[in-house]
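Working through the structure, step by step
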Amino acid sequence: MEAETGLRHRTWWTPYLFLAPGLVMVTMFSLWPFVNTVILSLTDAQILRGGGFVGFDNYARAFGDPDFWVATGNSVLYLVVVVPCLVFLPLALAVLVQREVPGIGFFRSAFYTPVIASAVVVGLIWQWVLRSDGLVNTVFRKLSIVSEPIPFLTDSTMLLVSAMIVTVWKGLGYYMVFYLAALGNVSASLHEAAALDGAGPVRRFFSITVPQVKPMMLLVGTLSAISALRVFTEIYILGGESGGPGGGARTLPFLIRQVGLGFAGETGYAAAISILLFLLTLVFSLLGRRLSKGDER
Amino acid sequence: MRAPSFRIGLAGRYATLLLMLVVMLGPIVWQFLTSIRGRTENVYDGVLPARPTLDNYVRVAESFPLLQYVGNTLTVALLAVTSNLLFAAMGGYALSRAAWKGRRAVFTVLVATLMFPFESVMISMFLTIREMGLVDTLIGVWLPGAVSVLNIMIMRSAFLAVPAELEEAAVLDGAGEWTRFTRVFLPAAKGALAVVCITSFMGAWDDFLWPLLVLTDSENHTLQLGLKTLAGATTVSDQRIIAAGAMAALIPMMLLFFALQRFFFKGVGDGAVKT
């Protein structure tokens, strides 16, 4: 796909000049922090003082730390629940809004609105929906479905579920746009031919549309898996600074911030958890890539 | 060129669309309605407020320095838009056209950095910002996002789609590199530039975790950080005020988006897929 124009830059350094700002930023705020995180993770550095080399002590500590396992479990659970929802529901939504019917532009934009809203605003809106005196509990009590309010935000597991609902709700419109682009490339003539052969819409969806958007499904799966591992704000806004009762709903990014910053911040230990989060992310990106490569064969 | 379609009946389609509209917009609309309810009115009394009022917006502005937070956020957002537009376009241009030594290597390194989740480098980024003496400054909030690799890639793929003939014609006319960049390539990639513009503005406006790490003094808080205090005070605070705060952060974004949405959906197509 490289468009080689055959044109040469006037001088050898022109492209570097054009790239310089980008390269400086990437080096300072991406490459170096990564290298530095690896280094820090092997030291006992704290926020106010540098540390000495301690080898893999921080990693050993993480594996023996119940907080680490709670956070890892929460992050992985988050991913396992949220990813299938975000692979299939936005596809259904895209199919729904794909056809040009009057007013469809309005619906597309409306479904995209939660994407525009910040995680904090979305958190505030859903906090009000899910609070013990919030909309859902009030309606449920008026209809006598429940006598005690459902502890959406005050029970660790429920808090995680609430955050997942928020993530899915906010992600629907985002991935819908991905699928709209993919659906635009699904050949109309194939559909027409299949329709002539008597295939119904459901049949055509599964035997024509799905195979053609499968690469996009894998991409959406990978992207949503990576973003599921990054969840922080939803938990923070819905559950507060401690991450639910006893920190029971903390995710890995949540733990990293708690451990690494503040007056007693243990940057070395936080760096080790950061690297473990990175490795977890890497596993899922490679998995996504492997799946899509296998698909091409 | 009609897209393939599914005939589930127009009525059924609209019914499903309306149902989804309630799911997607319902919570936002209800929050908006709550934000204009009078102080004496029960929040759950009927769907529409009996006496709509803007009183809660005044009260939220009184309870914390809303305008100052908006100003701080705008500062960061406008810096981010300017730097991303300029630097991403420049970087994308260098990566898209004529081959040069090391292009492949630079490209690979840039793509590789996309694999580092921000959360796994944020502690170290914070230490860098602290060493630069930029903790608790808006510059410190802006700088790490001054140009994103993703935006460079968006610009690159938009420039790749510019026909070679257009560039060759410009060369024959004697246009230098910078002239070709500004006169030929930038105008041809308006859609992608719009996408970079909107996404970097929204990214800066909506960001929470990084400002939370960098900013301490509430003087310098961005809007999202300011809103956090509303979330923390749920048990005592008035839902109407929280709603007004949330709407004050959301409505400008929605206006911006609806004004530019045509550009946006078109630009997404420009950058993502070429047939």
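Residues numbered from 1 in each chain as written. Chains lettered and ligands numbered in written order. Predicted model: local features only at pLDDT ≥ 70, side-chain atom pairs only at ≥ 80, totals over all residues. Heavy atoms only, no water.

1. Quick word on the overall build of chain A
Looking only at helices and strands, chain A features 12 helices and 0 strands. In sequence order, the secondary structure elements of chain A are arranged as α-α-α-α-α-α-α-α-α-α-α-α. For chain A, the spread of C-alpha atoms along the principal axes amounts to about 75 × 75 × 35 Å. Taken across its 297 residues, chain A has 55% of its residues classed as buried. (Helix = DSSP H or I, 4+ residues; strand = E, 2+ residues; numbered from the N terminus. Buried < 20%, exposed > 50% of the residue type's maximum accessible area, 1.4 Å probe, protein only.)

2. Quick look at the overall build of chain B
Helix and strand content of chain B: 13 helices and 0 strands. Tracing chain B from N to C terminus, the helices and strands come up as α-α-α-α-α-α-α-α-α-α-α-α-α. In chain B, buried positions account for 53% of the 275 residues. Taking as baseline every contact in chain B between residues at least 6 positions apart, the subset at least 24 positions apart corresponds to 69%. Accessible surface, chain B: about 12,200 Å² in total, of which carbon and sulfur atoms supply 66%. (Contact = heavy atoms within 4.5 Å. Areas by Shrake-Rupley, 256 points an atom, 1.4 Å probe, with all protein chains shown as cover.)

3. Description of the packing of helix 1 (residues 14–41) of chain A against helix 5 (residues 118–131) of chain B
Where helix 1 of chain A contacts helix 5 of chain B, the axes come no closer than 8 Å and their chain directions differ by 105°. Classified by the interaxial angle, the pair formed by helix 1 of chain A and helix 5 of chain B is roughly perpendicular. Contacts between helix 1 of chain A and helix 5 of chain B pair Met-28, Phe-29, Trp-32, Pro-33, Phe-34, Asn-36, Thr-37 and Leu-40 of chain A from the former with Ser-120, Val-121, Ser-124, Met-125, Leu-127, Thr-128 and Ile-129 of chain B from the latter. Classifying every residue of the contact of helix 1 of chain A with helix 5 of chain B gives 10 nonpolar, 5 polar and no charged. (Axes fitted to C-alpha atoms, helices over the stretch in contact; angles between N-to-C directions. Parallel < 35°, antiparallel > 145°, perpendicular 65-115°, else oblique. Nonpolar A, V, L, I, M, F, W, Y, C, P; charged D, E, K, R; others polar.)

4. Here's the deal with the packing of aromatic side chains
Aromatic ring pairs are reported here in terms of the distance separating the ring centres and the angle at which the planes meet. One pass over the full model with this rule turns up 35 aromatic pairs over all chains. Pairing Tyr-174 of chain A with Phe-178 of chain A gives two aromatic rings, centres 5.2 Å apart and planes at 55°, and the pair type is tilted. With Tyr-174 of chain A and Phe-178 of chain A both in helix 7 (residues 156–184) and 4 residues apart, this pair spans about one turn of that helix. Through successive ring pairs, a cluster of aromatic residues spans Phe-18 of chain A together with Tyr-93, Phe-159, Trp-178, Phe-181 and Phe-185 of chain B. (Phe/Tyr/Trp six-rings, centres within 6.5 Å; stacked < 30°, edge-to-face > 60°.)

5. Quick notes on the interface of chain A and chain B
Contacts between chain A and chain B engage 96 residues on the former and 104 residues on the latter. Interface area for chain A against chain B, summed over the two sides, is near 9,300 Å², with a carbon-plus-sulfur share of 73%. When the area that chain A buries against chain B is broken down by residue, the three leading residues are Phe-18, Phe-29 and Trp-128 of chain A, summing to 9%. Taken together, chain A and chain B are joined by 1 salt bridge. With a shortest N-O distance of 2.7 Å, Arg-230 of chain A and Glu-119 of chain B are connected by a salt bridge. Applying the counting criterion to the chain A and chain B interface returns 10 residue pairs in polar contact (both at pLDDT 80 or more). The element that contributes the greatest number of residues to the side of chain A that touches chain B is helix 1 of chain A, accounting for 21 residues. When grouped by side-chain class, the residues that make up the side of chain A that touches chain B number 62 nonpolar, 23 polar and 11 charged. (Buried area = accessible area lost by both parts, 1.4 Å probe. Salt bridge = Lys/Arg side-chain N within 4 Å of Asp/Glu carboxyl O. Polar contact = N/O pair within 3.5 Å; in protein donor to acceptor, adjacent residues only side chain to side chain.)

6. What about a nonpolar patch on the surface?
Taken together, the side chains of Trp-12, Trp-13, Tyr-16 and Leu-17 of chain A present a nonpolar region at the surface, about 500 Å² in accessible area. In this fold, Tyr-16 of chain A is placed in helix 1. (Patch = residues over 30% accessible without salt bridge, like charges linked within 9 Å, V, L, I, M, F, W, Y side chains within 5 Å.)

7. Regarding the nonpolar core
In this structure, Tyr-78, Phe-111 and Trp-126 of chain A together with Met-155 and Trp-210 of chain B are the most contacted members of the largest nonpolar core, which totals 185 residues. Of the residues forming this core, the biggest block, 15 residues, is contributed by helix 7 of chain A. Contacts of Met-155 of chain B, omitting those with residues within four sequence positions, involve Ala-88, Ala-89, Gly-92, Ala-189, Ala-192, Leu-193 and Val-196 of chain B. (Core = buried A, V, L, I, M, F, W, Y, C linked by side-chain atoms within 4.5 Å.)

8. Quick look at the environment of Leu-166 of chain B
For Leu-166 of chain B, the position within the fold is in helix 8 (residues 164–172). For the pair Leu-166 of chain B and Asp-207 of chain B, spaced 41 residues apart in sequence, the C-alpha separation works out to 39 Å.

9. Comments concerning the environment of Thr-267 of chain A
Note on placement: Thr-267 of chain A falls in helix 12 (residues 267–296). With relative accessibility at 1%, the residue Thr-267 of chain A sits in the buried group. Taking C-alpha positions, Thr-267 of chain A is 9.0 Å from Gly-50 of chain A, a pair spaced 217 residues apart along the chain. Discounting residues that sit within four places of it in the chain, Thr-267 of chain A has contacts with Ala-45, Gln-46, Ile-47 and Gly-260 of chain A together with Ile-123 and Leu-127 of chain B.

10. A closer look at the packing of helix 3 (residues 66–98) of chain A against helix 9 (residues 201–228) of chain A
Residue and element names in this part refer to chain A. Two elements in contact, helix 3 and helix 9, have axes separated by 9 Å at closest approach and are oriented at 140°. One way to sum up the angle between helix 3 and helix 9 is to call them oblique. For helix 3 against helix 9, the interelement crossing comes out right-handed. Residue-level inspection shows Tyr-78, Leu-79, Val-83, Leu-86, Val-87, Phe-88, Leu-91 and Val-95 of helix 3 in contact with helix 9, the latter providing Phe-205, Val-213, Met-217, Val-220, Gly-221, Ser-224, Ala-225 and Ala-228. (Left-handed = near helix turned anticlockwise from the far one by under 90°.)

11. Comments concerning unusual backbone geometry
Residue and element names in this part refer to chain A. Of note, the phi angle at Ser-144 is positive, near 55°, even though the residue is not glycine. Take Ser-144: it is sitting in the loop between helix 6 (135–142) and helix 7. For Ser-144, a relative accessible area of 60% corresponds to the exposed category.

12. What about the environment of Asn-36 of chain A?
Within the fold, Asn-36 of chain A resides in helix 1. C-alpha separation for the pair Asn-36 of chain A and Ala-271 of chain A, spaced 235 residues apart in sequence, amounts to 8.8 Å. Within polar-contact distance, the side chain of Asn-36 of chain A engages the side chain of Ser-124 of chain B at 3.0 Å.

13. Quick look at the confidence of the model for chain B
Residue and element names in this part refer to chain B. Averaged over chain B, the pLDDT score is 85; the fraction of residues at 70 or greater is 90%. Helix 13 (residues 239–272) is the least confidently modelled element of chain B, averaging 76 in pLDDT, while helix 6 (residues 138–142) averages 96, the highest of any element. Contacts from residues 1–6, a stretch scored under 50 in pLDDT, to residues over four places away or in other chains number 18 contacts. Predicted confidence is poor over residues 267–275, with pLDDT under 50, and the contacts of this stretch with residues over four places away or in other chains come to 10 contacts. For this predicted complex, the interface confidence score (ipTM) comes to 0.87, while the overall pTM stands at 0.87. (pLDDT = per-residue confidence, 0-100.)

14. A word on the confidence of the model for chain A
With 96% of its residues at a pLDDT of 70 or more, chain A shows a mean pLDDT of 88. The low-confidence segment residues 1–6 of chain A, where pLDDT is below 50, has 13 contacts with residues more than four positions distant or belonging to other chains.

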